[in-house]
Amino acid sequence: MSCESEEYMDLIDKALDGEITAEEQTELERHMESCESCKEHYHALKEIIYEMKEASPVVAPAHFTENVMKKLPEVKKRSMPAQWIRRYPVLTAAAVFLILMFGSVIAGWNTENDFAVHSAASNIKVNSAAHTVTVPKGETVKGDLVVENGDIKVEGKVEGNVVVIKGEKYMASAGQITGDSQEIHEAVEWVWYKLKTFFTGQEQK
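Residues numbered from 1 in each chain as written. Predicted model: local features only at pLDDT ≥ 70, side-chain atom pairs only at ≥ 80, totals over all residues. Heavy atoms only, no water.

Q: Just checking my understanding: could you explain the pairing of strand S3 (residues 132-135) for this structure?
A: Look at any regular strand and the pattern is simple: side chains alternate between the two faces of the sheet. For strand S2 (residues 125-127) and S3, the ladder comprises 3 bridges, and the chain directions are antiparallel. Note on S3: the bridge partner recorded for Lys 125 is Thr 134. Joining the antiparallel neighbours S2 and S3 is a turn of 4 residues, in which His 131 adopts a positive phi near 60°. Of the strand pairs in this sheet, S3 and strand S6 (residues 151-154) are connected by 4 bridges, and their pairing is parallel. Each bridged residue has a counterpart across the sheet, and for Val 133 the counterpart in S6 is Ile 152. (Pairing = 2+ DSSP bridges. Helix = DSSP H or I, 4+ residues; strand = E, 2+ residues; numbered from the N terminus.)

Set out below in structure tokens:
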């Protein structure tokens, strides 16, 4: 059952903002021992803060804010009350962070054209001049394989996921991929992929 006590919602916000007193902290902890809803809400917001602190700085493209604001429809000045922002400062910050990250990722799709291979395997053949990666016949690559701005040919076996960004994947008759196989050719697919790998840490660097 959801806890609708505004008192404890305010205490959670104060705790996450570092503005809670010792007495209020004790009261909040005592309440969360018996209220699973508040406990889950507190830890969910705390996890968001941790992810934001651990994330690399995100720089929005030039004139990003100005361009976005021009495309937004006119809204009433009270469409997002200050009270809501004060009550949910963490969620507001997270929303702004995601908007900036979205803009940065879109900019990356248009500017990142360098050939790159992300894999811990040493038994793949990389031809930087031709922008190609080959998994040789009879070889097994353990782990994910990500190729940006190039093509991949799988003649052997990949025990993991294969992602090709702005390129093509070619499978030999004996080639095998045990995980997911994905080709990304559109900006929307790129955004979804970057957001997913950002929050799950799955991308090989």
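Q: Help me understand the nonpolar core in this model?
A: Of all hydrophobic cores here, the largest spans 15 residues; its most connected members are Ile 12, Leu 16, Leu 28, Cys 38 and Tyr 42. Contributing elements (two or more residues each) for this core: helix H1 (6-16), helix H2 (22-34) and helix H3 (36-54). With 6 residues, H1 is the largest single contributor of residues to this core. Excluding its chain neighbours within four sequence positions, the residues that come into contact with Leu 28 are Tyr 8, Leu 11, Ile 12, Ala 15 and Ile 20. (Core = buried A, V, L, I, M, F, W, Y, C linked by side-chain atoms within 4.5 Å. Buried < 20%, exposed > 50% of the residue type's maximum accessible area, 1.4 Å probe, protein only. Contact = heavy atoms within 4.5 Å.)

Q: What's the story with the sheet that holds S2 in this structure? I'm lost.
A: Strands belonging to one sheet form pairs held by backbone hydrogen bonds; the direction of such a pair is parallel or antiparallel. Judged by pairing direction, the sheet is mixed, and its 4 strands sit side by side in the order S2-S3-S6-S9 without closing on themselves. Because the sheet does not close on itself, it has two edges, and the strands there are S2 and strand S9 (169-171). Sheet twist, expressed as the mean angle between neighbouring strand axes with direction ignored, is 15°. (Axes fitted to C-alpha atoms, helices over the stretch in contact; angles between N-to-C directions.)

Q: Can you walk me through the pattern of salt bridges in this structure?
A: Side chains that differ in charge, positive against negative, can pair when their charged atoms come close. According to the stated counting rule, one finds 5 salt bridges in the structure shown. A salt bridge links Glu 24 to Lys 14; the nearest nitrogen and oxygen atoms lie 2.8 Å apart. Placement of Glu 24 in helix H2 and of Lys 14 in helix H1 is noted, with a sequence separation of 10 residues between them. The exposure class of Lys 14 is partly exposed, given its relative accessible area of 26%. For Glu 159, the salt bridge goes to Lys 157, with nearest N and O atoms at 3.6 Å. The class for Glu 159 is partly exposed, based on a relative accessible area of 32%. Salt bridges sharing common partners tie together Lys 142, Lys 157 and Glu 159. (Salt bridge = Lys/Arg side-chain N within 4 Å of Asp/Glu carboxyl O.)

Q: Is there a simple way to think about the sheet that holds strand S11 (residues 181-184) in this case?
A: Overall, mixed pairing links the 4 strands, which are arranged S1-S5-S8-S11 in an open sheet. Since the sheet does not close on itself, it has two edges, and those belong to strand S1 (116-118) and S11, each with one partner. Each neighbouring strand pair of the sheet contributes to a mean axis angle of 10°, computed without reference to strand direction. Alignment of strand S8 (residues 162-165) against S11, held across 4 bridges, turns out to be parallel. Bridge assignment links Val 164 to a residue of S11, and that residue is Glu 183.

Q: Can you help me understand the side chain of Asn 149 in this one?
A: Looking at where Asn 149 falls in the secondary structure, it is placed in the loop between strand S5 (145-148) and S6. Within the structure, Asn 149 has its side chain in polar contact with the backbone oxygen of Asp 114 (distance 2.8 Å). In contact with Asn 149, other than residues within four places in its own chain, are Glu 112, Asn 113, Asp 114, Phe 115, His 131, Ile 165 and Lys 166. (Polar contact = N/O pair within 3.5 Å; in protein donor to acceptor, adjacent residues only side chain to side chain.)

By themselves, these are just geometric observations and shouldn't be taken as functional.
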